[in-house]
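So the chains spell out like this:
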Amino acid sequence: MVLEIYAYQCKKCGQLHYPFRMVCKKCGNKEPFEFDTVPLPKNGKLLTFTTVHNLPPDFNVAKLTLGIVELENGMRITGQLKAPSPKIGMAVRGKVETVREAEYSKNFGMVFYPA
Amino acid sequence: MREVYVVGIGITSFTRLEYPLSEIAAYPAMIALKDAGLSKVDHVYVANMASARANHQTGLASAVVDTLSLTPAGAEVIENGPASGASAIKQGFMAVASGLHDTVLVTSAERLREVNNLEATDIVASLSHPLAEYIYGVTLPSLAAMFTRLYMQKYGVTERHLAMVAVKNHDNALLNFFAHLHEKITIEGILDSPEAMTNNPYVAEPLRFFDCCPVSDGGAAVILASAEVAKQLKKPLIRLAGVGQATDTHCVHERAEPTDLLAVRGAAAKAFHMAGVSPADVNVAELHDAFTILEIVESEEVGFFKKGEGHLALERGETRLGGRLPINTSGGLKAKGHPVGATGVGQAHEIVLQLRGEAHKRQVKDARIGFTCNFGGFGNNVVCLVFKREN
Ligand SMILES: [Zn+2]
């Protein structure tokens, strides 16, 4: 099974949104659930990043690198970054993996690697 | 719309407080009532963000109004994240301006030090988008850090500029008895010396320990009143002349220009428009420096300096005490402290002190127009206030 993160495309005007919203940002389409799901592209370039040293209790690691990636269709996504020496503008490729695990919950999200 | 005046102020120390949350809200309220010379008010607003999760208490306003023996006055909690304080003042303004009430107590409290530091970080991180940010380990410092990296690249802001904000605000806090951090710091000690990486480690690169505000407990209160009441009380007449609020995308990554803080720009513009003054008229300002970068960027977005030039004004000393426009004379969130939901009321407290001429060693000479910017989320909900001395 291939895990995907989805963008939400307005059925009226075609505008893509990520994350989900109830009303189209572009045309104001107010009909409920008038969005198609479209998988987000996996390739993009790194817009900005940080290595965090002070993490919430769910993370059993000393530090974690996060980034915002501009995907090849121009959309942006926040995710985790696994790259030894990240640089703004570097090409990255995303995989959907477990990003947070607590006693009763598990979250999947986008993890980026050097392309 | 009726005119609205600040007739009383009170504050606790911003620090670790070992007494109940409702008393943290009630104590500054008592000081403010005494300051105003009032024993009753028509209505009470209590600003707080995290009582349910950090203190296992809900319905805080009901506890506070009763602790103060102000029943049966109406009372509500106002929660708007880190901008709860200024939002509560905005509600009080609306209540008096509309004619619904003549006197309103706006008090506030936060006690996040009841939980440990990582738990507090997680509570604050829950301001971020649950599915598109929070799950990844996004925290407020991490959003500020990613923003800082872009700002550095685009506008030439350096770690040295960030450290200058920290040094300035720590210096100011040394003159404020109620501030959380009474600790003289130097650029040498936090950036240049061989011990700098130990003194000042990275929290979220490129932001270091001294770029981030402390987690504080604390409360602050103001009393708002109609002109008729204010003129009977014989205090300096400080009018809440402008109130502005604006929002932005919940997710930081959805902003068209990731180095803009459009909610700050919009909220400030509305507040200045209502007050009928321009940013150049302001004598003293409290900006929301939860991270040093934010003082620089807000000073641009509210219109004090051109976009991308806030760090240059800082270099020239324009924003320190004695400069053209002193910013964060209280020590700011950086050193006065950041009791999250109470911060906006704390900012108003400092500006009213300044406009009354009661700020002692940190007094800005002849201050007549003051400004506050209270920044919620990572800039997704911002409330700005303009205060004017009228006599
Ligand atoms: Zn649409």
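To be clear, the structure that these remarks concern was listed above.
Residues numbered from 1 in each chain as written. Chains lettered and ligands numbered in written order. Predicted model: local features only at pLDDT ≥ 70, side-chain atom pairs only at ≥ 80, totals over all residues. Heavy atoms only, no water.

S.K.: Quick question: what am I supposed to make of the overall build of chain A here?
M.R.: For chain A, the helix and strand inventory stands at zero helices and eight strands. Along its sequence from the N terminus, chain A presents helices and strands in the succession β-β-β-β-β-β-β-β. A principal-axis box enclosing the C-alpha atoms of chain A has dimensions of 45 × 35 × 30 Å. Taken across its 115 residues, chain A has 43% of its residues classed as buried. (Helix = DSSP H or I, 4+ residues; strand = E, 2+ residues; numbered from the N terminus. Buried < 20%, exposed > 50% of the residue type's maximum accessible area, 1.4 Å probe, protein only.)

S.K.: What should I look at first to understand the sheet that holds strand β3 (residues 35-39) of chain A in this one?
M.R.: As a general point, the strands of a sheet are linked pairwise by backbone hydrogen bonds and lie either parallel or antiparallel. Residue and element names in this part refer to chain A. Spatially, three strands are ordered β2-β1-β3 in an open sheet, and the strand pairing comes out antiparallel. Here the strands that pair on one side only, and so sit at the sheet edges, are β2 (16-17) and β3. Here strand β1 (residues 6-10) pairs with β3 via five bridges, running antiparallel. Along β3, the bridge assignment pairs Ala7 with Val38. (Pairing = 2+ DSSP bridges.)

S.K.: Whenever I open this one, the nonpolar core confuses me. Can you help?
M.R.: Soluble, globular proteins show a tendency: their nonpolar side chains are buried together. With 94 residues, the main nonpolar core has Ile77(A), Tyr136(B), Phe291(B), Ile293(B), Phe304(B), Phe371(B) and Phe378(B) as its most contacted residues. Examining the composition of this core, we find that eight residues originate from one element, helix α6 (residues 140-155) of chain B, more than from any other. Phe304(B) has contacts with Phe272(B), Pro279(B), Val282(B), Ala285(B), Leu287(B), Ser299(B), Arg324(B), Leu325(B), Ile327(B) and Phe371(B), leaving out every residue within four places of it along the chain. (Core = buried A, V, L, I, M, F, W, Y, C linked by side-chain atoms within 4.5 Å. Contact = heavy atoms within 4.5 Å.)

S.K.: Help me understand the coordination of the zinc ion, please; the structure alone is not making it clear to me.
M.R.: Perfect tetrahedral coordination of a metal by four donors corresponds to 109.5 degrees between them, and perfect octahedral coordination by six donors corresponds to 90 or 180 degrees. Residues and elements named next belong to chain A. Within the first shell, the zinc ion binds the protein through Cys10 (SG), Cys13 (SG), Cys24 (SG) and Cys27 (SG), at distances of 2.3 to 2.4 Å. Ordering the donors of the zinc ion by residue number gives the pattern C-x2-C-x10-C-x2-C. Taken together, the positions of Cys13 in the loop between β1 and β2 and Cys24 in the loop between β2 and β3 put the pair eleven residues apart, joining distant regions of the chain. (Donors = N, O, S within 2.8 Å, 3.2 Å for Na, K, Ca; no water.)

S.K.: Quick question: what am I supposed to make of the interface of chain A and chain B here?
M.R.: For interface size, the figure often reported is the accessible area lost on association. Counting residues at the interface gives 33 residues for chain A, matched by 33 residues for chain B. Buried surface at the junction of chain A and chain B, both sides included, amounts to about 2800 Å², of which 58% is carbon and sulfur. The largest contributions to the chain A side of the interface with chain B come from Asn54(A), Arg76(A) and Thr78(A), which together make up 20% of the buried area. Connecting chain A to chain B are two salt bridges. Run the count over chain A and chain B and you get 16 residue pairs in polar contact (both at pLDDT 80 or more). (Buried area = accessible area lost by both parts, 1.4 Å probe. Salt bridge = Lys/Arg side-chain N within 4 Å of Asp/Glu carboxyl O. Polar contact = N/O pair within 3.5 Å; in protein donor to acceptor, adjacent residues only side chain to side chain.)

S.K.: It is not clear to me how the environment of Lys30(A) should be interpreted in this structure. Could you clarify?
M.R.: With respect to the secondary-structure elements, Lys30(A) resides in the loop between β2 and β3. Residues Lys30(A) and Arg76(A), spaced 46 residues apart in sequence, show a C-alpha to C-alpha distance of 24 Å.

S.K.: I would appreciate a short explanation of the sheet that holds strand β1 (residues 4-11) of chain B in the present structure.
M.R.: Residues and elements named next belong to chain B. The sheet built from nine strands is open, its strands ordered β3-β2-β4-β9-β1-β10-β13-β12-β11 with mixed pairing. Either end of the sheet is taken by a strand with one partner, and the two such strands are β3 (74-78) and β11 (284-286). The sheet shows a mean angle of 25° between the axes of neighbouring strands, taken without regard to direction. In this fold helix α11 (residues 262-275) packs onto β10 (238-247), β12 (369-376) and β13 (381-389), with an angle of close to 150° to the strand it touches most, β10. (Axes fitted to C-alpha atoms, helices over the stretch in contact; angles between N-to-C directions.)

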